[in-house]
Amino acid sequence: DVKVTQSSRYLVKRTGEKVFLECVQDMDHENMFWYRQDPGLGLRLIYFSYDVKMKEKGDIPEGYSVSREKKERFSLILESASTNQTSMYLCASSLFWESVGGYTFGSGTRLTVV
Amino acid sequence: AQSVTQLDSHVSVSEGTPVLLRCNYSSSYSPSLFWYVQHPNKGLQLLLKYTSAATLVKGINGFEAEFKKSETSFHLTKPSAHMSDAAEYFCVVSDQNDYKLSFGAGTTVTVRA
């Protein structure tokens with residue numbers, strides 16, 4: 001079965017901390033994505049990567065960066081966490097450049113910044 | 001540019017009755033359309049997708065959706081709700097040949113016994 005695994009289910013961090021959210025997929029997918037999910041706003045794209053060491057900004061990249069050193073792993077980095085980054089973070093991957101095939105999502109990381 | 005409007009933030013139905021979740025979209029090109037479901041504390045699961053083949057799309061768990069270009073709609077239906085259908089549902093659009101998905105705000109479904 002296809003899997004996207006996010007390393008932490010729940011995280012609590014302090015304001016100003018550097019935070020790493022990890023995502024691993026075992027499907028040999030080229031594309032990987034980070035979204036944040038907030039009530040009433042649906043999912044919003046933060047960053048995506050279409051190949052190792054390649055990245056592109058999504059709709060809300062401010063305050064975030066990403067790293068993709070290996071094909072299977074895509075990390076989201078909060079350089080200096082702030083309370084407005086408290087949210088559910090979802091990682092996803094897809095095989096094709098187009099979205100036709102659909103995405104596979106991880107179970108999410110609920111981050112609380114205090 | 002592409003966008004999605006889910007017309008109901010909450011839908012409450014009785015078990016065994018039909019479910020209708022409404023979705024309107026806008027897209028500059030031929031769209032791909034999806035419905036995803038998210039059960040509590042779980043990731044998103046693909047229910048069904050439309051990609052310019054048949055306009056009536058059947059998905060998992062008895063759900064189906066109809067693509068109506070003239071109405072720019074992609075409503076999700078199920079003839080008989082089950083308690084396990086209680087979840088949040090997202091309508092999603094993408095322009096074909098594009099990586100990017102645009103999500104609606106979500107519809108929370110409650111099923112009453």
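The structure under discussion appears in the preceding block.
**Student:** Give a description of the overall build of chain A that names residues and reports values.
**Tutor:** Helix and strand counts for chain A come out as zero helices and eleven strands. If you list the helices and strands of chain A from N to C, you get β-β-β-β-β-β-β-β-β-β-β. In terms of C-alpha radius of gyration, chain A reaches 13 Å, essentially the compact-globule figure of 13 Å for 114 residues. Referenced to the eigenvectors of the C-alpha coordinate spread, the extents of chain A come out at roughly 40 × 30 × 25 Å.

**Student:** Give a description of the side chain of S102 of chain B that names residues and reports values.
**Tutor:** Residue and element names in this part refer to chain B. Residue position: S102 is located in strand 11 (residues 102–103). Classification of S102 by relative accessible area gives buried; the value is 15%. A distance of 3.3 Å separates a polar atom in the side chain of S102 from a polar atom in the side chain of Q2. Leave out the neighbours within four places in its chain, and S102 touches Q2, V4, C91, V92 and V93.

**Student:** Break down the pairing of strand 11 (residues 109–113) of chain A for me, citing the residues and quoting the values.
**Tutor:** All names here are of chain A. Side chains T109, L111 and V113 of strand 11 all project onto a buried face; the interleaved residues R110 and T112 project onto a face where none is buried. Sheet topology places strand 2 (residues 10–13) next to strand 11; four bridges connect them, and they run parallel. Bridging from a neighbouring strand, Y10 pairs with R110 of strand 11. Judged from the three bridges that link them, strand 9 (residues 87–94) and strand 11 form a sheet pairing that is antiparallel. Looking across to strand 11, one finds that M88 is bridged to R110.

**Student:** Tell me about the packing of aromatic side chains, and name the residues and values.
**Tutor:** Counted under the stated rule, the structure contains 17 aromatic pairs over all chains. Between Y35 of chain A and F105 of chain A, the ring centres sit 6.1 Å apart and the planes meet at 50°, which makes this aromatic pair tilted. With Y35 of chain A in strand 4 (residues 31–38) and F105 of chain A in strand 10 (residues 104–105), this residue pair connects regions lying 70 residues apart in the sequence. Overall, F105 of chain A belongs to the buried group, its relative accessible area being 8%. Between Y36 of chain B and F103 of chain B, the aromatic rings sit 6.4 Å apart at their centres with planes inclined by 40°, giving tilted as the arrangement. Of this pair, Y36 of chain B sits in strand 5 (residues 31–38) while F103 of chain B is found in strand 11, placing the two residues 67 residues apart along the sequence. F103 of chain B shares its class with Y36 of chain B; the two are buried. Aromatic rings pair up to connect F33, Y35, F48, Y50, Y103 and F105 of chain A together with F34, Y36, F90 and F103 of chain B into one cluster. Over the aromatic face of Y10 of chain A sits the side chain of R9 of chain A, whose NZ or CZ is 5.5 Å from the ring centroid.

**Student:** Describe the interface of chain B and chain A, listing the residues and the values that go with them.
**Tutor:** Between chain B and chain A, the contact holds 21 residues from the first and 24 residues from the second. Roughly 1800 Å² is buried in total at the junction of chain B and chain A, and carbon and sulfur atoms are behind 53% of that figure. Taken together, the links from chain B to chain A amount to two residue pairs in polar contact (both at pLDDT 80 or more). Of all the secondary-structure elements, those providing two or more residues to the side of chain B that touches chain A are strand 5, strand 6 (44–50) and strand 10 (87–95) of chain B. Counting residues per element, the side of chain B that touches chain A draws most heavily on strand 5 of chain B, at four residues.

**Student:** I'd like to hear about the pairing of strand 4 of chain A, residue by residue, with values.
**Tutor:** All names here are of chain A. Where burial is concerned, most of strand 4 is hidden: eight out of the eight residues are buried. The two faces of strand 4 match: N31, F33, Y35 and Q37 on one face and M32, W34, R36 and D38 on the other face are all buried. Bridge analysis of strand 4 against strand 5 (residues 42–49) gives seven bridges, and the strand direction is antiparallel. Considered in strand 5, the bridge of R36 is made with R44. Between strand 4 and strand 5, which pair antiparallel and follow one another directly, the connecting turn spans three residues, one of which, G40, has a positive phi of 80°.

Basis of the calculations
Per chain, residues are indexed from 1 in the order of the written sequence. Here every chain gets a letter starting at A, and every ligand a number starting at 1, in the order they are written. It should be noted that, the model being predicted, local features are given only for residues of pLDDT at least 70 and side-chain atom pairs only at 80 or more, the latter also being counted only at that level, while totals for whole chains, interfaces and linings use all residues. For side-chain calculations, the full set of non-hydrogen atoms in the structure is used, while hydrogens and water are omitted. Where helices and strands are cited, they refer to DSSP runs of H or I of at least four residues and of E of at least two residues respectively, numbered from the N terminus. Using C-alpha atoms as the atom set, the radius of gyration is obtained and then compared with a globule rule of 2.2 Å times the number of residues to the power 0.38. Categorising residues by exposure relies on relative accessible area from a 1.4 Å probe, with only protein chains included: less than 20% of the type maximum marks a residue as buried, more than 50% marks it as exposed, and the intermediate range marks it as partly exposed. Whenever two N or O atoms come within 3.5 Å, that pair is a polar contact, provided that in protein one can donate a hydrogen and the other can accept it, and provided that, for residues adjacent in sequence, both atoms are side-chain atoms. Working rule for contacts: check all heavy atoms of both residues, and any pair within 4.5 Å makes them a contact. Two strands qualify as a pair provided DSSP detects at least 2 bridges between them. In this scheme Phe, Tyr and Trp rings, the latter by its six-membered ring, pair at centre separations within 6.5 Å, and the angle between planes marks the pair as stacked below 30 degrees, edge-to-face above 60, and tilted otherwise. Each ring is checked for a lysine NZ or an arginine CZ that lies within 6 Å of its centre and within 35 degrees of its normal; such an atom marks a charge sitting over the ring. What gets called buried area is simply the loss in accessible area from a 1.4 Å probe that two parts show on being joined, summed for both.

Honestly, it's all geometry; don't read function into it.
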